[in-house]
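# Coordinates in review
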Number of protein chains: 8
Amino acid sequence: MSESSKPVAGILMGSDSDWPTMKAAAEALKEFGIASEARVISAHRDPRGLEEYVGSAARRGLRCIIAGAGGAAHLPGVAAALTWLPVIGVPIESKSLKGLDSLLSIVQMPPGVPVATVGIGAARNAGILAAQILSAGEPRLEKALKEFKERLAMESRAKNKNLK
Amino acid sequence: MSESSKPVAGILMGSDSDWPTMKAAAEALKEFGIASEARVISAHRDPRGLEEYVGSAARRGLRCIIAGAGGAAHLPGVAAALTWLPVIGVPIESKSLKGLDSLLSIVQMPPGVPVATVGIGAARNAGILAAQILSAGEPRLEKALKEFKERLAMESRAKNKNLK
Amino acid sequence: MSESSKPVAGILMGSDSDWPTMKAAAEALKEFGIASEARVISAHRDPRGLEEYVGSAARRGLRCIIAGAGGAAHLPGVAAALTWLPVIGVPIESKSLKGLDSLLSIVQMPPGVPVATVGIGAARNAGILAAQILSAGEPRLEKALKEFKERLAMESRAKNKNLK
Amino acid sequence: MSESSKPVAGILMGSDSDWPTMKAAAEALKEFGIASEARVISAHRDPRGLEEYVGSAARRGLRCIIAGAGGAAHLPGVAAALTWLPVIGVPIESKSLKGLDSLLSIVQMPPGVPVATVGIGAARNAGILAAQILSAGEPRLEKALKEFKERLAMESRAKNKNLK
Amino acid sequence: MSESSKPVAGILMGSDSDWPTMKAAAEALKEFGIASEARVISAHRDPRGLEEYVGSAARRGLRCIIAGAGGAAHLPGVAAALTWLPVIGVPIESKSLKGLDSLLSIVQMPPGVPVATVGIGAARNAGILAAQILSAGEPRLEKALKEFKERLAMESRAKNKNLK
Amino acid sequence: MSESSKPVAGILMGSDSDWPTMKAAAEALKEFGIASEARVISAHRDPRGLEEYVGSAARRGLRCIIAGAGGAAHLPGVAAALTWLPVIGVPIESKSLKGLDSLLSIVQMPPGVPVATVGIGAARNAGILAAQILSAGEPRLEKALKEFKERLAMESRAKNKNLK
Amino acid sequence: MSESSKPVAGILMGSDSDWPTMKAAAEALKEFGIASEARVISAHRDPRGLEEYVGSAARRGLRCIIAGAGGAAHLPGVAAALTWLPVIGVPIESKSLKGLDSLLSIVQMPPGVPVATVGIGAARNAGILAAQILSAGEPRLEKALKEFKERLAMESRAKNKNLK
Amino acid sequence: MSESSKPVAGILMGSDSDWPTMKAAAEALKEFGIASEARVISAHRDPRGLEEYVGSAARRGLRCIIAGAGGAAHLPGVAAALTWLPVIGVPIESKSLKGLDSLLSIVQMPPGVPVATVGIGAARNAGILAAQILSAGEPRLEKALKEFKERLAMESRAKNKNLK
């Protein structure tokens, strides 16, 4: 996949209050030269808008969906119900139960409709996972991911100087 | 509301394996002379079928929806998103987490889209709650509910003879 | 139901410290033109006052009860024991266990005595659920609920402009 | 307190299905020569029967109440609201959540109305705790409790022979 | 029991950092005219000091023990192992798990050695429970407890003025 | 991707006791005509074998890894540390904590190293997710996934006949 | 440390019903040629017996203690309070809460008194950990542990033949 | 073991952000005159660095490893997989789940590969446990540990003066 401005990943969230968390997914994708688009579409407040967006996602050229939601977090699962594209779910930390509700609402999907769930609040990891998924047959991305992992190791080692 | 065969409550479940639990809702409604209809409509496997059923529920004369689901239990919440009728959610006991996931996935709904949640596996209570909701301006139902509560007290007292 | 000043919903709480949470229920009801009354009646500190209030609620014209409580949250369940009106329970976030105790104390009711439970701290949703319950045979309320749901969708879409 | 047939402890439970658990409390009391009476009185199905029983308990000579309940377990807390006698709560193991709901519903009481909570299903310990409470100024009971503790130690030591 | 300065209740805690929580027990006892003494005795750091204190408690005139502890909270259980006096356990809110660890460590005692557990951080309730326990055969205390309960109801009702 | 016998997905598990769960992943892949290989490689008992297998996975033509583990479930995370291929984690139900430990050990990965986590025991969903990931630029798979989703809806509807 | 019949590890449990779990610790020690002794000593029922045993453990030649307990599991922590020897704690699976209570009661020890906690029911691992601790300056044990780890890897690999 | 500057304990952590917690382990070791070395080595970002460090630890003279990690906390378990030295695991408090995830990821290890787990955030206890482990056959350390325990008791008693 060459770098381009045409989005191949859709980033969904139920409210703009999730954006401070979810933008880390957009940023991670950008680091890998992957264009994305972000949308507020609540599964509960705008179910028809969600069906419209996700139902046409593959036709419009999207190749994966990242969806973040908190509490009774239905957005990723409902998106997964509406498309055969892989859907990555990000449990948003909720006020009282700290995201345990969000996590269970996203990960415990029934047979036939998986959601690729990452950790609570882990939108950056959702972006990296999307890059891994999109790297198939993409030598440029494959190379970028290898370098990324090497950089992780180097950065980890460099932190030793902060222990003094 | 006079007794009739025209359903006023819809009972939804994601799979026929939930029926042994959910039929207690139908039975409770029947005890109060309330006709209901039961449907398997998975929010995840048949999202468009769900929209069709729930979106037309009020027009077809339904006055409340009872929905049971387990795990990442989205059915009650997605139904609530599609209608202004009251939706009662029944968390079905799940295999590993015993319904804690089902409960949190159903009860922790975002502002604007409530689900009236009952206990884990408590389909009978969902039916009784529906009867309470439907009793407004229905002297027959009101009377039946009062008698029902008196019967509960009498039955509770009668159990004392089993303590010997 | 025409708009009037005669309360049709009673809002109960165990302590005035729950009022900052619970007033969202009163406000939601007011948005739908439904009059309500609020009372502090502790199930534990004033059990006889609770019996008096709830036992006479239907006679006085109330058609549903909203009850909020935290910790070993008995208020909604005890209210449900004392009336055949539908009771909506609001688990108040507790200090140490963040409302998980409140939620389980309210939702896990025994057969025969349901409480329509909403999410932790979700008093606004309790008010909306009450409006849904009270809308039966009330064209004005039905219309207001339909418009409310359309407004939710529009507001959700409007939030997209905040993603930049 | 001399041994007598006049009950000084009341053992309450919400259903006769709790009796196989709760009778261990009666047996423990009997080992200490303390007469008790057992009653099925559901806080949810027979709230007025509960008020009548507990409200007159002290007058009738009871000196403590043991109450067992499961799920949204309100019986011990509601009993504690209705009397100044000490109330011992026994969380009964529930079907789905295994008594975690029962425990939290009983122990997390608000200021002013304590329940002396024992472990999940620990009705025998409730009986022993009642004996400890009733032993004040009762040399016979005091002596019995001392001997009981010595017997516990001896029995514990005797179990070593089973390790081979 | 007449009011006196000779302590009849011992209040134990594992660290002086628990005192801000535990002093509410001493204050509640004082409201009922019951003298108490407070001690820091860690079950883990000073096991022999604990044995000495609790082992001689009954001889020195104490009639119940209140013990607060957090985390792997062993103090109440170990105290209960060392005396036949009733032991009231107060789970102190812990830093990470917010007292769920403290609660389970205190309440889930094995057969033979009960601890009368109150809610997380509920030291005031521990004091009130101690007063209830000590009231047996004490008309003065009995009367004070009855008045206390009436005061609770009145205070609860008075809070209604704060809802405006 | 044409159907072939050369594995493109590796299925890892820590013990052969996980195979009854994990073979559902192999079966799902086979339904989509995707060849896979299964290996027992414990992250804890054979860390060097794991490094060897995963470190060479991409070179050997694998395009994704499915890893199942229970308890302190490190296999998926350690595999993800060793390759830039997408890794799908399956939390295996554990004996005491029923897979809650497995789930948290797999999903809560640190920034930089995501694991695409599915539900507890949901190996079939892991296989389907792998098919979705591998479908990029593969018209045959894309078509198969669309048909699969239509089949899910039809099967869901067909279950209605079992409600009688 | 040469093989001998003089015990260097003490295995404690609160009841003989824990022995089917705990004997795996004795067996693991025996595999490494380490003699151990097993005792039933309840922290709650025989506190003075525990003090006697643990207080003299080092003098009698023991070099570490393994203690298993369930529920409000105080045995490992109380043992750790009574000796400067390393104490390994084994949370025994409990009836209702499945060992979550046991785990938290053992692992969450206060500063100054650590317990080396292993997994729920993991008595075999407790024995292996004891062997690792005792191996310091013991070339025979060091060698045995190295061989043990190699055997683990080989056994793990051999399980692949069971995947067909 | 005489005091020396050659490290005998290695303190590992996944990130320098864990150092404020983990340095308490180094400080505790220093109090006992035990030299340690601290390293940032992420199991997930630098798996080969970890293998190198732990695989050579025994040869370089280390006699135990202390490893702290949070969330899907694999560092202690992976270290334990790579050496026969005893590994002490410190669950670091995580942002959303407060260390419950860290604890379960560390303690629930499979048979054959134990991690000696201490409480959430309890790095000081990890250092003390290491001292207990290293004290075998070291009269100086044994004496220091005995004095340390006596000091704990004295300090505990001294805190009584703060209760006034």
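## Quick word on the pattern of salt bridges
Residues and elements named next belong to chain A. This model, assessed by the stated rule, comprises 57 salt bridges over all chains. Taking the shortest distance from any N to any O, the salt bridge between Lys143 and Glu147 comes out at 3.3 Å. Pair noted here: Lys143 and Glu147 are both in helix 6 (residues 139-158), with a separation of four residues, about one helical turn. Note on Lys143: relative accessible area 53%, which makes it exposed. Residue classification places Glu147 among the partly exposed residues on the basis of a relative accessible area of 36%. Three or more residues are tied together by salt bridges with common partners; here these are Glu37, Arg39 and Arg60.

## Section: the packing of aromatic side chains
Summed over the entire model, instances satisfying the criterion amount to eight aromatic pairs over all chains. An angle of 70 degrees between the planes, with centres 5.3 Å apart, marks the rings of A:Phe32 and A:Phe148 as edge-to-face. Of the two residues, A:Phe32 is situated in the loop between helix 1 (19-31) and strand 2 (36-40) and A:Phe148 in helix 6; the sequence distance between them amounts to 116 residues. As far as the burial class goes, A:Phe32 and A:Phe148 line up, both buried. The cationic tip of B:Arg60 hangs over the ring face of B:Tyr53; the distance from NZ or CZ to the ring centre is 4.6 Å.

## Here we look at the interface of chain F and chain A
Chain F puts 36 residues into the contact, and the matching count from chain A is 36 residues. Of the roughly 3000 Å² buried where chain F meets chain A, counting both sides, 64% is carbon and sulfur surface. Three residues stand out in chain F for area buried against chain A, namely F:Trp84, F:Pro114 and F:Lys149, and they jointly supply 24% of the buried area on that side. Here chain F is connected to chain A by zero salt bridges.

## Quick word on the pairing of strand 2 (residues 36-40) of chain C
All names here are of chain C. As judged from the five bridges shared by strand 1 (residues 9-13) and strand 2, these two strands associate in the parallel manner. Within strand 2, the position partnered with Gly10 by the bridge is Glu37. Chirality of the crossover, the property in question, places the unit of strand 1, helix 1 (residues 19-31) and strand 2 among those that are right-handed.

Parameters and conventions
- Each chain has its residues counted from 1, following the order in which its sequence is written.
- Written order decides the labels, with chains lettered from A and ligands numbered from 1.
- Reporting in this predicted model follows two pLDDT cut-offs: at least 70 for local features of residues, and 80 or more for side-chain atom pairs to be given and counted; totals over whole chains, interfaces and linings ignore these cut-offs and use all residues.
- Hydrogens and water molecules were not included; the side-chain quantities draw on all heavy atoms of the structure.
- Salt bridges are identified by distance alone: a Lys or Arg side-chain nitrogen within 4 Å of an Asp or Glu carboxyl oxygen.
- Going along the chain from the N terminus, every DSSP run of H or I of four or more residues is numbered as a helix, and every run of E of two or more is numbered as a strand.
- Here the term buried applies to any residue with accessible area under 20% of the maximum for its type, exposed to any over 50%, and partly exposed to those in between, with areas from a 1.4 Å probe on protein chains only.
- Only centres within 6.5 Å qualify two rings of Phe, Tyr or Trp (six-membered ring in Trp) as a pair; their planes then separate them into stacked at under 30 degrees, edge-to-face at over 60, and tilted for everything else.
- Lysine NZ or arginine CZ positioned within 6 Å of the ring centre and within 35 degrees of the ring normal marks a charge as sitting over the ring.
- Between two residues, a contact is recorded if the distance between any of their heavy atoms is within 4.5 Å.
- Computed with a 1.4 Å rolling probe, the buried area is the accessible surface lost when two parts are put together, summed over both parts.
- Only when DSSP finds a minimum of two bridges between them are two strands counted as paired.
- Handedness of a crossover is defined as follows: orient the strands so they point away from the viewer, and if the path from the first strand over the helix to the second runs clockwise, the crossover is right-handed.

Distances and angles like these do not, on their own, reveal function.
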